[in-house]
Every structure is written in structure tokens, then in C-alpha cells.
Amino acid sequence: MNSAAQVAFDLILRQARVEGRQALADIAISGGMIREVSDHVRADSEHELDVEKMIVSPAFLQPHIHLDKVGTLPLLGRNSSGTLAEAIEILHRIKRSSTEDEVAARAGVVIRQAVLSGTTRIRTHVDVDTVGGLVPLRGVVQAAREHADLCEIQIVAFPQEGIIRDPGTAELMDAAMSEGGSVVGGMPHWEAEEPAAREHIDICMRIAQRCDADIDMHVDETDDPGSRTLDILIDATSRAGWQGRVTAGHCCAMAAWPDGYASQVITRAAAARVNFVTNPATNLLLQGRLDGEPRRRGLPRVKELLAAGLLVGCGQDCVQDGFYPFGAADQLQVALILCHAAQLSVPAEIDDALASIRHAAARIMGVRGYGIEPGCAADLVVVDADDMHEALRLQANRRWVIRRGRVVAETSITRTVNRGNDQSPGG
Ligand SMILES: [Zn+2]
């Protein structure tokens, strides 16, 4: 840095590959925002980072995870049937005994893992019910506060046990929305009958209207072709004028619906601008458990949703809990699983998979100023690859992660092939 020159920027990334640009670019940042992207930024900065011709992407987003449940697997007994119902039953035990500090500690581990993998914004569902009360919510609020410098966290007040079948939950959801919840959750298919599912959705919509909040529900997370709560949610969205503000997560029954019915619902979802989030890792593992072959895969019809112009995000859902024993909170891993699960393989489809953890997820989560251009937030991930398709294929190292213009994580990996003394090919 030339000490005589005026420092114009906080940070300049030099020699970056940026999607849509032929030449390498410099990215200049100040006040947490991108100010300039050009072939060469002629100014000084507080810090400079030579990113060595690696690809720089806007940081990833996590549109669907359950931070209150992560890391509970070692605390639970075995899920012997492997079904969702048994998983929920086992979870009750842990929900009753958890403390806010214990929830915050488990959530914190996964938040830091997510940041190391290039994610700086997370939308988490948090159980709100009469089993655990507001303890899970308060624990996640604590974790969000403790990690505010690394990651922005949106909290969805999620009635995991149902609302009608768990009296007192509607009041707890109201309380959750004033204690840190910013999005209204739901789980209508968990109610005993369809009228109760309708009432469940109406209650959620009323809370959303009162709080001027978006909605993000668990919808039809079952293999039952008779589960049709997405249809009810679409109606409620249009009636309330909440178009563009409602997200339907999971939507596993869509895989079991007859084709004609599915295509009608997708057309209506497009008219109501309902957004979708698929969670392929967990649902590939949980759904179709009782099927013979052919086995239902438990995914929404991703290609059809995209073809209808709908936003499709992709979430991790679970990390090492009673539903799912894996999960690294790594959105590049999740996007690769989506490619396999939804058969996204040609370049435009791979772009869609990448959008599901980037631009589409940003729109679903209501994030403005997402991208690599002046005026966008300086939340970036530098990936050790030439382009994002290679990054996805190779699950390439996230060399640096930048949050609001500050390097918040870095990972160095050294890999060597040893050829012995003879360095000739084949030696
Ligand atoms: Zn979920």
C-alpha cells in the first residue's frame, strides 16, 4: 500500500474470476458493500487479498435448516424403524430436557461449520410447541446473537407438533414472533384431518398478517398421495394477498400425486407466486421407507416447478439429528445431492441447482442486494476452482469467506501426489 495515497476501500480482492466476465477482475469493498468491480481497481485499501484466479461467488444461503435439533443424534436412542413418526417421538425426550445454553451450543457448532463452507445467511425453523415451550427458540436466538458477526440468521416459528392437535401452540407462536421469530412456520399435514389442516393454515396466515411476516411452512412431508395441504396453502395465499411471501418446504407428497393433479397445483402455485424449498438429503433418506420398488423418492417435482418459473431453494434441513445422521452444513454438498435427486445434469440445470443455494434462495429469504456488483452486500466466498460448475463437481475448497467486507473464515488444504524419484509421466 502506498502510504501517501488516500485509502479508498476497506478491502480489495485482486485477480478474481467472476461469473459472466471474461477477464479477471478486482472487487473493491467499503462499508460492507461492493463498490467497484473492474479489470483493475486503481486505489489503495486497508487490506488486499490476492485470490489467485479463483472463482468468487456471492456467499451461499441456507434457506431451510433446524438449528434447534442439530447435533442431537448422540443424545438420542436409535430410530429403529427409520420413519419420520418415530423420529419425532424420539425428539420429544430431548426437547423436554434441553436448556437454552445447550441448544445455543449445538446450534453454534453448525453455524460455524456453515460459515466455513461459505454460507453467511441462514433461515432456521425452530420448534414452538407445548413440549419444549420457547426454550429451543431462546437457545437459537442466543446462538444467532453470539454469531451475528459471522452470519445473519432468520428464525421461523415452527409448530412441529401441529397447532390444533397441540392446544396452546398458537399462543406460543405469537410469543415466539415477539421474541426473535421473523417468519411464520407451519406443518398443516401433521393435523389429524383436513379441516384441522385448513384451520392450521388460517391461524398461521393470521399471525403473518398481524406481524407483517413471510410464511415458510413444512408442507405435505409425507408419501401419502392424499396429502394435499399445498393446495390449501395456495388458496390461503391468494385469499390473503400474500403472493410472493409464502414458501412451501419439503412437499414430498408431490412425488406420489397423479401427474395431472400435480401439474394443476403447480400452475396454481405459479399464479399465487408460492416459493419452494426442497430438502433432498433428508427426504431421500426418510421417505419411501415402507415402499417396495419402485420406491418414491420424496422430492417435489423440481424440474416442473422450475419450468413453471417458480423459485426453488435447496436446504440442508438436518444435521446429525433423529431424522438424519449426516450433514456437514455445506450448501455445495447439498446442491450436488439435489442434482442427483432431481436429475439436474445439463449446464442450465446445474445453474438452477447453484441458484437454489444462491440467487433463488436469496429471493426466497427476502435478501436484497445479492450478487457481485456495486451496491451488493460484500458477502462472498472464494472457491478454489475456475468456475462454479467445477466448484460443484469437485466440492472445491472454500478458501476465504467474506462477510460484510471482512474475512471471517479461511481454509487451506495441501494435497500432494508423490511420484518418487522418477518424475516422468507414469514414473
Ligand atoms: Zn424441515
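Definitions and cut-offs
Residues numbered from 1 in each chain as written. Predicted model: local features only at pLDDT ≥ 70, side-chain atom pairs only at ≥ 80, totals over all residues. Heavy atoms only, no water. Helix = DSSP H or I, 4+ residues; strand = E, 2+ residues; numbered from the N terminus. Rg over C-alpha atoms; globule rule 2.2 N^0.38 Å. Buried < 20%, exposed > 50% of the residue type's maximum accessible area, 1.4 Å probe, protein only. Contact = heavy atoms within 4.5 Å. Areas by Shrake-Rupley, 256 points an atom, 1.4 Å probe, with all protein chains shown as cover. Lys, Arg positive; Asp, Glu negative; His and termini not counted. Charge placed at Lys NZ, Arg CZ, Asp CG, Glu CD. Donors = N, O, S within 2.8 Å, 3.2 Å for Na, K, Ca; no water. Core = buried A, V, L, I, M, F, W, Y, C linked by side-chain atoms within 4.5 Å. Pairing = 2+ DSSP bridges. Axes fitted to C-alpha atoms, helices over the stretch in contact; angles between N-to-C directions. 1 Å grid on protein atoms, 1.4 Å probe; cavity = no way out; pocket = protein on both sides within 12 Å on 5 of 7 lines; lining within 4 Å. Points joined across faces, edges and corners; volume = space filled by probe spheres on them. Nonpolar A, V, L, I, M, F, W, Y, C, P; charged D, E, K, R; others polar. Polar contact = N/O pair within 3.5 Å; in protein donor to acceptor, adjacent residues only side chain to side chain. Phe/Tyr/Trp six-rings, centres within 6.5 Å; stacked < 30°, edge-to-face > 60°. Lys NZ or Arg CZ within 6 Å of the ring centre and 35° of its normal. Salt bridge = Lys/Arg side-chain N within 4 Å of Asp/Glu carboxyl O. Parallel < 35°, antiparallel > 145°, perpendicular 65-115°, else oblique. Left-handed = near helix turned anticlockwise from the far one by under 90°.

Caption draft 1: Spatial organisation of the overall build of the protein. A count of helices and strands for the protein gives 13 helices and 16 strands. Its C-alpha radius of gyration of 22 Å places the protein within 12% of the 22 Å reference for a compact globule of 427 residues. Seen along its three principal axes, the alpha-carbon backbone of the protein occupies a region of about 70 × 50 × 45 Å. Among the 427 residues that make up the protein, the fraction classed as buried is 58%. In the protein, the proportion of contacts linking residues at least 24 apart, taken out of those at least 6 apart, comes to 76%. Counting only carbon and sulfur atoms, one obtains 48% of the accessible surface of the protein, whose full area is about 17,800 Å². Of the side chains in the protein, 43 bear a positive and 58 a negative charge, and the two mean positions are spaced by 1 Å.

Caption draft 2: Looking closely at the coordination of the zinc ion. For the zinc ion, every protein donor is listed as His64 (NE2), His66 (NE2), His218 (NE2), His250 (NE2) and Asp317 (OD), and the spread of their distances is 2.2 to 2.4 Å. Between consecutive donor residues of the zinc ion, the sequence gaps follow H-x1-H-x151-H-x31-H-x66-D. Here the residue His66 occupies a position in the loop between β6 (60-65) and α1 (84-97), and Asp317 occupies one in the loop between β13 (312-314) and α10 (331-341), the gap between them amounting to 251 residues. A single burial state applies to His66 and to Asp317, both of which are buried.

Caption draft 3: The arrangement of the nonpolar core in detail. Ranked by internal contacts, the top residues of the largest apolar core, which has 93 residues, are Leu67, Val184, Leu230 and Phe276. The element best represented in this core is helix α2 (residues 100-116), accounting for seven residues. Beyond its immediate chain neighbours, meaning those up to four positions away, Leu230 contacts Val219, Asp220, Ala248, Met254, Trp257, Val265 and Phe276. In this structure, Leu11, Ile27, Met54 and Ile372 belong to the second largest nonpolar core, which totals 20 residues.

Caption draft 4: How the structure looks around the sheet that holds strand β2 (residues 25-30). Pairing within the open sheet is mixed, and its four strands lie in the order β3-β2-β1-β4. Each end of this open sheet is capped by a strand with a single partner; those strands are β3 (33-38) and β4 (44-50). In this sheet, adjacent strand axes meet at a mean angle of 25° when their direction is disregarded. Here β2 pairs with β3 via five bridges, running antiparallel. Bridging from a neighbouring strand, Ala28 pairs with Glu36 of β3.

Caption draft 5: Layout of the layout of surface pockets. The volume enclosed by the largest pocket comes to roughly 330 Å³. Those elements that place two or more of their residues in the lining of the largest pocket are β10 (214-219), β11 (246-250) and α12 (359-364). Split by residue class, the lining of the largest pocket holds eight nonpolar, five polar and six charged.

Caption draft 6: Layout of the side chain of Thr124. When you line up the elements, Thr124 lands in strand β7 (residues 119-127). Engagement of the side chain of Thr124 in a polar contact is seen with the backbone nitrogen of Leu67, the distance being 2.9 Å. Contact partners of Thr124, with chain neighbours within four places excluded, come to Ile65, His66, Leu67, Val140, Ile153, Gln154, Ile155 and Val156.

Caption draft 7: Summary view of the packing of aromatic side chains. One pass over the structure, following the stated rule, counts two aromatic pairs. Relative to Phe326, the ring of Tyr324 lies with its centre 5.5 Å away and its plane at 80°, an arrangement referred to as edge-to-face. One residue, Arg228, lies across the ring of Tyr261, its end atom 3.9 Å from the ring centre. One residue, Arg399, lies across the ring of Trp400, its end atom 4.2 Å from the ring centre.

Caption draft 8: Quick look at the pattern of salt bridges. Under the counting rule described, the total for this entry stands at 30 salt bridges. Here Glu48 ties to Arg14 by a salt bridge, and the two come within 2.9 Å at their closest N and O atoms. Placement of Glu48 in strand β4 and of Arg14 in strand β1 (residues 7-16) is noted, with a sequence separation of 34 residues between them. By relative accessible area, Arg14 is classed as buried at 13%. The network of salt bridges with shared partners includes Lys69, Lys95, Asp127, Asp129 and Glu161.

Caption draft 9: A look at the sheet that holds strand β5 (residues 55-58). Here we have four strands laid out as an open sheet, ordered β5-β14-β15-β16, and antiparallel in their pairing. Only two strands of the sheet have a single partner each, and these edge strands are β5 and β16 (406-410). Sheet twist, expressed as the mean angle between neighbouring strand axes with direction ignored, is 25°. Packed on one face of the sheet, α2 meets β15 (398-403) and β16 and runs near 100° to β16.

Caption draft 10: Structural detail: the packing of α2 against helix α3 (residues 135-146). Interaxial distance between α2 and α3 falls to 7 Å at its minimum, and their mutual angle equals 45°. Considering their axes alone, α2 and α3 lie oblique with respect to each other. The chirality of how α2 crosses α3 is right-handed. For the pair formed by α2 and α3, the contact residues are Glu100, Asp101, Val103, Ala104, Ala107, Gly108 and Ile111 on the first element and Val135, Pro136, Arg138, Gly139, Val140, Gln142, Ala143 and Glu146 on the second. Grouping the constituent residues of the contact of α2 with α3 by class yields eight nonpolar, three polar and four charged.

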